[in-house]
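Per-entry structural report
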Amino acid sequence: MKLLILNGPNLNLLGQREPGIYGAQSYADLVALIQENARRLGVEAEVRQTNHEGVLVDWIQQAYGVFDGIVINPAAYTHTSVAILDAVKAVSIPTVEVHISDVSKREDFRQVSYIRQACVKTIAGHGFQGYVEGMEYLIQLTMDNGGVR
Ligand code: DQA
C-alpha cells in the first residue's frame, strides 16, 4: 500500500514557525515520524512539501493510479483553495485532511475548509500524531474495502 503525504505552505518552517502553536519539532522531525510509522504499519509513504498551490494540484493529479491514499495538510490553502478541493474530487483517492493545530479554536477565517467535503476524515489539533492517525485510518479503510487492488 502506497500513501502520499502532502504538506502545504510554511510547513517547511516547522520548529521555527510559531512554536507556541505548531510545536518545537522541525519538518525533518515530521518526515522522520511519518517514515518510522510507515515502517511499523508496513506501508510505503512518500512525504512532500511545497509552498505553491498549483504544485499541490499537480501532485494530487499525478497520484491517480499510483497512490492508494492521501494524507494532506494544505495549510493556509485549506481556507482558500477550490482548486485543491477539485483535484481531490477528480482523482477520488481516499484523502484525510490533517491540521497540527486545532483550527476550530482559532481565527474565524480558519473555520472554513474547502477540502473537507472531499475528505474521508479530518484530524485537527493532534500535533504531528495526526498524520500517523490519518495513515492508520486510510489503512483500516482500505482493509474494510477488501485491500489494495
Ligand atoms: C495548519 C492550520 C492552518 O490554518 C494554517 O494556515 C497552517 C497550518 C495546521 O496544521 O494547523 O499553515 O494547517
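An account of the accompanying structure is given in this report. What you see is a predicted model; the values in this text were computed from it and never measured. (Residues numbered from 1 in each chain as written. Predicted model: local features only at pLDDT ≥ 70, side-chain atom pairs only at ≥ 80, totals over all residues. Heavy atoms only, no water.)

1. Examining the overall build of the protein chain
Counted only if it meets this: Counting from the N terminus, the helices are DSSP H or I runs at least four residues long and the strands are E runs at least two residues long. Note on method: radius of gyration uses C-alpha positions; expected globular size equals 2.2 Å times residues raised to 0.38. The buried label goes to any residue with under 20% of its type's maximum accessible area, the exposed label to any with over 50%, and the partly exposed label to all in between, with areas taken from a 1.4 Å probe on protein chains only. Between two residues, a contact is recorded if the distance between any of their heavy atoms is within 4.5 Å. Here the positive residues are Lys and Arg and the negative ones are Asp and Glu; neither His nor the chain ends is included. Note that the charge is assigned to NZ on lysines, CZ on arginines, CG on aspartates and CD on glutamates.
Assigned secondary structure in the protein chain consists of five helices and five strands. Each helix and strand of the protein chain, ordered N terminal to C terminal, gives the series β-α-α-β-α-β-α-β-β-α. Against the globule reference of 15 Å for 149 residues, the protein chain gives a C-alpha radius of gyration of 14 Å, in line with a compact fold. Classification of the 149 residues of the protein chain by burial places 47% in the buried group. Across the protein chain, the fraction of contacts at a sequence separation of at least 24, relative to all contacts at a separation of at least 6, is 75%. Here the protein chain carries 12 positive and 16 negative side-chain charges, and the mean point of each set is 1 Å from the other.

2. Side note on helix α2 (residues 27-41)
Operational definition: Multiplying one less than the number of residues by 1.5 Å gives the expected span of a helix. Note that the arc is computed from the directions linking the helix axis to the C-beta atoms.
Along its 15 residues, α2 runs 21 Å from first to last C-alpha, staying within 8% of the 21 Å computed at 1.5 Å per residue. Buried residues of α2: Y27, L30, L33, I34, N37 and A38, and no others. What you see down the axis of α2 is that its buried residues fit within an arc of 135 degrees, all on one side. α2 presents A28, R39 and R40 as exposed residues on the side facing more than 90 degrees away from its buried surface. In the core, the buried residues of α2 are packed alongside β1 (2-7), β2 (44-49) and α5 (129-144). Note on α2: the residue one or two positions beyond its end, G42, has a positive phi of about 75 degrees.

3. Points about the pattern of salt bridges
A side chain with one charge may pair with a side chain of the opposite charge, provided their charged atoms come close. Applicable threshold: Counted as salt bridges are all cases of a side-chain nitrogen of Lys or Arg within 4 Å of a carboxyl oxygen of Asp or Glu.
This model, assessed by the stated rule, comprises six salt bridges. With a shortest N-O distance of 3.8 Å, R106 and E107 are connected by a salt bridge. According to the relative accessible area criterion, E107 is partly exposed, its value standing at 34%. Because the salt bridges share partners, they merge into one network encompassing R106, E107 and R110.

4. Focus on the packing of α2 against α5
Spelled out, the test is: Lines are fitted to the C-alpha atoms to define the axes, a helix being fitted only along its stretch in contact, and any angle between axes, read from their N-to-C directions, falls within 0 to 180 degrees. Working rule for angles: under 35 degrees goes down as roughly parallel, over 145 as roughly antiparallel, 65 to 115 as roughly perpendicular, anything else as oblique. Crossing handedness: left-handed means the near helix sits turned counterclockwise from the far one by under a right angle, and right-handed means the same turn made clockwise.
Viewed as axis vectors pointing N to C, α2 and α5 meet at an angle of 30 degrees, and their least axial separation amounts to 9 Å. With respect to each other, α2 and α5 are oriented roughly parallel. The interaxial crossing formed by α2 with α5 has right-handed handedness. Note on element contacts: α5 touches α2 through Q129, Y131, V132, M135, E136 and I139, opposite L30, L33, I34, N37, A38, R40 and L41.

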